[in-house]
Amino acid sequence: MTQWNAETAEAALNLIEAARQRIEAALKVAHPTDSLSRHKAAKTAPVRLAISLDTTELDQLGAELHTFNAQVNGGEQA
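For the structure given in this document, a descriptive report is provided here. Note that the coordinates shown come from a computational prediction; the quantities given were computed from them, not determined experimentally.

1. Looking at the overall build of the chain
- The secondary structure content of the chain amounts to three helices and zero strands.
- Tracing the chain from N to C terminus, the helices and strands come up as α-α-α.
- Whereas a compact globule of 78 residues would reach a radius of gyration of roughly 12 Å, the chain reaches 21 Å, over 25% beyond that.
- Overall size of the chain, expressed as C-alpha extent along the three principal axes, is 65 × 25 × 20 Å.
- Evaluated residue by residue, the chain yields a buried proportion of 5% over its 78 residues.
- Only carbon and sulfur atoms are counted for the fraction: they give 56% of the accessible area of the chain, which is about 7,200 Å².
- Within the chain, the 10 negative side-chain charges are centred at a point lying 24 Å from the centre of the 7 positive side-chain charges.

2. Section: the environment of Asp34
- Mapped onto the elements of the fold, Asp34 is located in the loop between helix 1 (9-30) and helix 2 (35-42).
- The exposure class assigned to Asp34 is partly exposed, which follows from its relative accessible area of 33%.
- Note: C-alpha distance between Asp34 and Gln71 (37 residues apart in sequence) is 58 Å.

3. A look at the layout of surface pockets
- If you add up the space inside the largest pocket, you get close to 1,600 Å³.
- As for the largest pocket, its lining consists of 37 residues, and the residues nearest its centre are Trp4, Leu15, Leu49, Ala50 and Ile51.
- Elements that contribute at least two residues to the lining of the largest pocket include exactly helix 1, helix 2 and helix 3 (56-77).
- Considering each element in turn, the lining of the largest pocket owes the most residues, twelve residues, to helix 1.

Calculation notes
- Residues numbered from 1 in each chain as written.
- Predicted model: local features only at pLDDT ≥ 70, side-chain atom pairs only at ≥ 80, totals over all residues.
- Heavy atoms only, no water.
- Helix = DSSP H or I, 4+ residues; strand = E, 2+ residues; numbered from the N terminus.
- Rg over C-alpha atoms; globule rule 2.2 N^0.38 Å.
- Buried < 20%, exposed > 50% of the residue type's maximum accessible area, 1.4 Å probe, protein only.
- Areas by Shrake-Rupley, 256 points an atom, 1.4 Å probe, with all protein chains shown as cover.
- Lys, Arg positive; Asp, Glu negative; His and termini not counted.
- Charge placed at Lys NZ, Arg CZ, Asp CG, Glu CD.
- 1 Å grid on protein atoms, 1.4 Å probe; cavity = no way out; pocket = protein on both sides within 12 Å on 5 of 7 lines; lining within 4 Å.
- Points joined across faces, edges and corners; volume = space filled by probe spheres on them.

In structure tokens, the structure reads:
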């Protein structure tokens, strides 16, 4: 079992891509010459994936930017 951790949005996206590639590699090993069998196996192959995602800080930054933009845009109209 592999456990990966990320502390930034970029690192998290990279880990998601790495997990996808890791699953695809295992499917290719199990079905090296038949892409149709590999595609079918992907629908039933047992894989466990647990994701814990905390976007609290990122969401807060977005909310702060939205508030700032609303204040700036409201100030121009007055």
